[in-house]
Every structure is written in C-alpha cells, then in structure tokens.
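The primary structure of each chain is shown beneath.
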Amino acid sequence: MSQSPPPIVGVVHLPALPGSPRAGLSLDAIIASALRDARAYAEGGASALIVENFHDVPFRKEQVEPPVIAAMTLAVRAVRQAVALPLGVNVLRNDAGAALAIAAVTGAAFIRVNIHSGALVTDQGIIQTLADDTLRQRRALGAEQVAIWADVLVKHASPLGPIAIEDAADDLIQRELADAVIVTGRATGRPADPEELSRLRAAFPAFPLYVGSGVTAESIADYLPAASGFIVGTWVKEGGHIERPVDPARVARLVAAARC
C-alpha cells in the first residue's frame, strides 16, 4: 500500500451564476450548493477542491462579466471558510485574469487555466494564450503563491496544427511557466489517455502532472504511478451523473483506489 497516495482534487461545479443564460437560483442557493458539495468531498477524503462556473454555458471565450466574478468570489470565500482544504479557482472558458484575482483576494492556492499556451480551436472559436498577461498580473498582485495549473491540449479543443503532447507541455513548463500540467480526455467525463500521461512522465520525471477528466475508481490504477494527482467531478456525483450532488461514498472509493 502506498503511504502517500496521489491527491484527489474535487471539482465544485457552481450552478448557473447571475447573468448567464441558465441563471435562476439566488446567490444564497448557489453558495449553499457549493458548500454541500465541498463538504461531501471533505467527508469522502478529498485532498483539495477547485471551484468553477461549470453551468455558465455557453461560455465566454475570454473575459466573463463582473457579476460572474463577484458571485464566484463570494462562493470561493464561503467554501474556503467552511472546508479546511487547499482551494483552486477555474473561470471558464479561459478567464485566467479573473481566476487569479479571485484567488488572490480569497486566499485560494491555485488556478486552473485551460489554454495557457498556444492557440486552439474550441466551441467558442479560436482561443489563444494570455500567459504573458497572467504572469504579469500575478506579479503585480504580489500573488506568486497562487500556482498556475495549466491544461495541455485541453478537452473540447483542437490545436491549429499537429503538435506532440510532449512539445506542448514543454512550452507550458519552460516558456509559459506553469506550475502543474493537466492531461484530459476529449471532453468532460471522457478518460485521458494513460499512454500520453506515461510519455509526459518520461519527459518530465519530477514535474506535477494531473489527470483532469474521466477518472473512475476502476480506471484510476491505469494512471498510476505516473499521475501526481487527479481532478474529479463527474464520477463522484450521485450515480455518476454530473448534474447531481457529490456522493461522499464515491469520493471515498476513489480515494481508496488511489492508495492501491
């Protein structure tokens, strides 16, 4: 048995926020939903959490509206006060500046940036990196303690031209100064490719590499020992349905499987 299992990072999917097309809940109800799921992750043994505006579809390509930032700030602050776990922020689709500002004022530990290097074709159109702005903003805020977790060839996106995943990750690490790299499948809930993860681990033996989609209690062993950790949000919901609340028993099963 491993004495230091890879961390399980639970995703808190916020209900649709004010100003988004599906918005309907009050801010109090949104925060209550976030706290319910955050506490379920903690009960199940998750090591960290990340809060994201998952239900704000269709996503803004780059900058989100001020009401979204305000609502997420209050939600992140509430979760951080309620649950004693490291906390991250992801502002979809790719508003790294908003995520960084929220993290800086709430004391969150990291942000997730879907497209931190290069340019990709997405369902929002072509999105390209603003890594230069993000890193300079982090320095200006005095928030170097906020780590940047960056997806490599992220889900729901395709590169403009062929590129090896090792080369894309090398750019993220060496040129865009990411603090961790996330490997995903083709879409939300789809499994990442264990062979791609193994190739990245061979290329970057000591760098933090996270699996960011499609992990289950049955499949987690396929990514060990190459994975530094797992970002989970679909399988851990009741019945594995992403729109349902987090099931602490499923979280516990995943945590136990990561120890094997």
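Higher on the page you've got the structure.
Residues numbered from 1 in each chain as written. Predicted model: local features only at pLDDT ≥ 70, side-chain atom pairs only at ≥ 80, totals over all residues. Heavy atoms only, no water.

Secondary structure summary: the protein chain contains 7 helices and 11 strands in total. Its C-alpha atoms give the protein chain a radius of gyration of 17 Å, near enough to 18 Å, the size a compact globule of 260 residues would have. C-alpha atoms of the protein chain, sized along the principal axes, occupy 45 × 40 × 35 Å. Working note: accessible area of the protein chain is about 11,200 Å², and carbon and sulfur atoms make up 53% of it. Counting 23 positive and 27 negative side-chain charges, the protein chain places the centres of these two groups 4 Å from one another. (Helix = DSSP H or I, 4+ residues; strand = E, 2+ residues; numbered from the N terminus. Rg over C-alpha atoms; globule rule 2.2 N^0.38 Å. Areas by Shrake-Rupley, 256 points an atom, 1.4 Å probe, with all protein chains shown as cover. Lys, Arg positive; Asp, Glu negative; His and termini not counted. Charge placed at Lys NZ, Arg CZ, Asp CG, Glu CD.)

Inspection of the secondary structure puts His-116 in the loop between strand S4 (110-113) and strand S5 (119-122). In this structure His-116 comes out as buried when scored by relative accessible area, which is 1%. A polar atom in the side chain of His-116 sits 2.8 Å from the backbone oxygen of Glu-176. Setting aside its immediate chain neighbours within four residues, His-116 contacts Thr-129, Ala-131, Thr-134, Leu-135, Ile-148, Ala-150, Leu-172, Glu-176 and Ala-178. (Buried < 20%, exposed > 50% of the residue type's maximum accessible area, 1.4 Å probe, protein only. Polar contact = N/O pair within 3.5 Å; in protein donor to acceptor, adjacent residues only side chain to side chain. Contact = heavy atoms within 4.5 Å.)

For the rest of this paragraph, the subject is helix H5 (residues 165-174). Side chains that are three or four residues apart share a direction in an α-helix, a result of its 3.6 residues per turn. Inspection of H5 places Ile-165, Ala-168, Ala-169, Leu-172 and Ile-173 among the buried residues, and these make up the whole buried set. Considered in projection along H5, the buried side chains sweep an arc of 135 degrees and stay on one side of the axis. As for H5, its buried residues are in contact with strand S7 (147-152), strand S9 (180-183) and helix H6 (194-203). (Arc of directions from axis to C-beta.)

Right, let's get into the nonpolar core. Ranked by size, the top nonpolar core spans 84 residues in total, and within it Tyr-41 and Val-89 carry the most contacts. Those residues within four positions of Val-89 in sequence are excluded, and the remaining contacts are Ile-50, Val-51, Met-72, Val-76, Ala-99, Ile-102, Ala-103, Ala-108, Phe-110, Ile-111 and Arg-112. Within the second largest apolar cluster, 5 residues are counted, among which are Leu-120, Ile-127, Val-154 and Ala-157. (Core = buried A, V, L, I, M, F, W, Y, C linked by side-chain atoms within 4.5 Å.)

There is a patch of nonpolar side chains on the surface, built from Val-121, Ile-126 and Leu-160 and spanning about 260 Å² of accessible area. Of note, Ile-126 is situated in strand S6 (residues 125-128). Overall, the relative accessible area of 43% leaves Ile-126 in the partly exposed class. (Patch = residues over 30% accessible without salt bridge, like charges linked within 9 Å, V, L, I, M, F, W, Y side chains within 5 Å. Salt bridge = Lys/Arg side-chain N within 4 Å of Asp/Glu carboxyl O.)

If you trace the 8 strands once around the closed barrel, you get S1-S2-S3-S4-S7-S9-S10-S11, paired in parallel fashion. When strand polarity is set aside, the average angle formed by the axes of neighbouring strands in this sheet is 25 degrees. As judged from the 3 bridges shared by S9 and strand S10 (residues 209-211), these two strands associate in the parallel manner. The residue bridging Val-181 from the neighbouring strand is Leu-209, located in S10. Helix H1 (residues 27-44) rests against strand S1 (8-13), strand S2 (48-52) and strand S11 (229-232) of the sheet, and its axis sits at about 165 degrees to S1. Sitting on the sheet, H6 touches S7, S9 and S10, and the angle it makes with S10 is about 170 degrees. (Pairing = 2+ DSSP bridges. Axes fitted to C-alpha atoms, helices over the stretch in contact; angles between N-to-C directions.)

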